Amino acid sequence: MWPQADCELVLLLACSDQDTEAANAAASRIADIYQTAAQRGASPREYASVLENLDFVIALADAGNAPLANALAALRATL
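Each chain has its residues counted from 1, running along the sequence as written. pLDDT decides what is reported in this predicted model: residues at 70 or higher carry local features, side-chain atom pairs at 80 or more are listed and counted, and totals for whole chains, interfaces and linings draw on all residues regardless. To obtain the side-chain values, all non-hydrogen atoms of the structure were included, while hydrogens and water were left out.

**Remarks on the overall build of the protein chain**
Helical segments are the DSSP runs of H or I of at least four residues, strand segments are the runs of E of at least two, and each set is numbered from the N terminus. The helix and strand tally for the protein chain stands at four helices and zero strands. Counting helices and strands in the order they occur from the N terminus, the protein chain gives α-α-α-α. Here the protein chain has a C-alpha radius of gyration of 12 Å; the compact-globule value for 79 residues is 12 Å, and the two agree. Its C-alpha atoms give the protein chain principal-axis dimensions of roughly 35 × 20 × 20 Å. Burial classes follow relative accessibility: with a 1.4 Å probe on protein chains only, a residue under 20% of its type's maximum area counts as buried, one over 50% as exposed, and anything between as partly exposed. Here the protein chain holds 79 residues, and 33% of them are scored as buried. Throughout, a residue-residue contact means that at least one pair of heavy atoms, one from each residue, lies within 4.5 Å. Partitioning the intrachain contacts of the protein chain with sequence separation of at least 6 by distance along the chain shows that 71% fall at a separation of at least 24. The atom set for the radius of gyration is the C-alpha atoms, and the globule formula is 2.2 Å times the number of residues raised to the power 0.38.

Next comes the structure, spelled out in structure tokens:
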């Protein structure tokens, strides 16, 4: 149900040298995709799985990369 958003998230992680503006734009786009997919009929369990996986990604993200860390935190807060 989430492949497009998951792919966008992978691209955000892979391009971790992005500046703050680009990282935040990507996070906003990813949030929109996840929310649109959820509105089409995700179960609470499926949506909780997305949040759980995002928490895992945040925990593993490089804390030394402030733009990435901030973008991931903003994404999580939006969802």
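**Some words on the environment of Glu21**
Along the polypeptide, Glu21 turns up in helix α2 (residues 20-39). On the basis of relative accessibility, which here comes to 67%, the residue Glu21 falls in the exposed class. Spatially, the C-alpha atom of Glu21 lies 8.1 Å from that of Pro67, the residues being 46 residues apart in sequence.

**Focus on helix α3 (residues 44-60)**
Helix span, expected: 1.5 Å multiplied by one less than the number of residues in the helix. Over its 17 residues, α3 runs 25 Å from end to end, which matches the ideal 24 Å to within 8%, given 1.5 Å per residue. All buried positions along α3 are accounted for by Tyr47, Val50, Leu51, Leu54 and Val57. End-on, the buried residues of α3 take up no more than an arc of 120°, which puts them together on one face. In α3, the exposed positions angled more than 90 degrees off the buried face are occupied by Pro44, Arg45, Glu52, Phe56, Ala59 and Leu60. Considering only its buried residues, α3 is in contact with α1 (3-14), α2 and α4 (66-78). The directions considered for the arc are those from the helix axis to the C-beta atoms.

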